[in-house]
Amino acid sequence: MKLNERSLAFYATCDSPADNAGFLYKRGERHTAYHRRWFVLKGNMLFYFEERESREPVGVIVLEGCTVELCDSAEEFTFAIRFGGAKSRTYVLAAESQAAMESWVKSLSRASFDYMRLVVRELEKQLEEMRRGPAGGCGGCRQSPASWKPKPSGPERSPERLLALPTVLPKENGCAVWNNAPGAHRLPNTSGCGRHDSEGNLRPPPLPPRRRASSSEAGSAGAATAESPSTFCQLHQRYGREVARLQQDWLERRHGPRL
């Protein structure tokens, strides 16, 4: 595998986001001493520098065909990057804390293209299962969007239990009457004088009899309607006298004629 040093150096130091970065202790290949290096993980390439401000990396590890595992060593928080093959090198690294070690092991284990390939296959499998429908269902049939209906969040209520909403109330003699539709809300009878029909339902009180106007009153009413609105005071006085006369007649019938 041929790598261009300039391209790698530019990729390692460019402003592209890194998957992980931090100081690690790297054990030498010939000498077993550990050296503190600045590591930067980008994709499947692990770069390491002598210092954090270094312009060029000292080396790079391509994370393909390898495994990341913990190892026993005199140093704490050590892990190793092992490649398959008899003459392949094993990189032994040590973190500064337990949390840093776990973070690096997780990041390095997910950096290879083999891992990404497995993730893509698993996602494709899940997507195919979602397209076919739930297991044990209708054998892979799909439910059309038009036939889908949202499930009610609360308990279902039958139409018979739903309270009948009042619509336009019927009117008689210019006054609205009670709604006697089945299921309509009725106030409890507290007067003790309510009446019930044959089915046991409470009936409304009877409407007062409609008063029929006499011929003279009808004539006066017709004349009043023909007058202009400016004669309101005259109409008020006219009907006021009639009310006073009716009140006087009622008092005479109750207490007798005045002497």
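Structural notes, computed from the coordinates. (Residues numbered from 1 in each chain as written. Predicted model: local features only at pLDDT ≥ 70, side-chain atom pairs only at ≥ 80, totals over all residues. Heavy atoms only, no water.)

1. Examining the overall build of the chain
Then step 1. Regarding its fold elements, the chain presents five helices and 11 strands.
Then step 2. The proportion of buried residues among the 259 residues of the chain is 17%.
Then step 3. Roughly 21,100 Å² of accessible area belongs to the chain as shown, and the carbon and sulfur atoms make up 53% of that amount. (Helix = DSSP H or I, 4+ residues; strand = E, 2+ residues; numbered from the N terminus. Buried < 20%, exposed > 50% of the residue type's maximum accessible area, 1.4 Å probe, protein only. Areas by Shrake-Rupley, 256 points an atom, 1.4 Å probe, with all protein chains shown as cover.)

2. Brief notes about the pattern of salt bridges
Then step 1. Inspection of every chain in the model, using the stated rule, returns six salt bridges.
Then step 2. The residue Glu69 makes a salt bridge to Arg82 at a minimum N-O spacing of 2.3 Å. With Glu69 in strand E5 (residues 66-70) and Arg82 in strand E6 (residues 78-83), this residue pair connects regions lying 13 residues apart in the sequence.
Then step 3. Classification of Glu69 as partly exposed rests on a relative accessible area of 32%.
Then step 4. Given the relative accessible area of 33%, Arg82 is considered partly exposed.
Then step 5. Of the charged contacts in the structure, one is a salt bridge between Asp114 and Arg117, with a shortest N-O distance of 2.7 Å. Linking Asp114 with Arg117, this pair stays in helix H3 (residues 113-132), spanning three residues, or about one helical turn.
Then step 6. Given a relative accessible area of 39%, Asp114 falls into the partly exposed group.
Then step 7. The class for Arg117 is partly exposed, based on a relative accessible area of 41%. (Salt bridge = Lys/Arg side-chain N within 4 Å of Asp/Glu carboxyl O.)

3. What to know about the pairing of strand E3 (residues 45-49)
Then step 1. In terms of burial, E3 is a largely internal element, five of the five residues being buried.
Then step 2. Pairing of strand E2 (residues 34-42) with E3, which is carried by five bridges, proceeds in the antiparallel orientation. Bridge pairing in E3 places Lys42 opposite Met45.
Then step 3. As consecutive antiparallel partners, E2 and E3 are separated by two residues, and within that stretch Gly43 has a phi angle of approximately 65 degrees, a positive value.
Then step 4. Summarising the sheet, E3 and strand E4 (residues 59-62) pair through four bridges and their orientation is antiparallel. (Pairing = 2+ DSSP bridges.)

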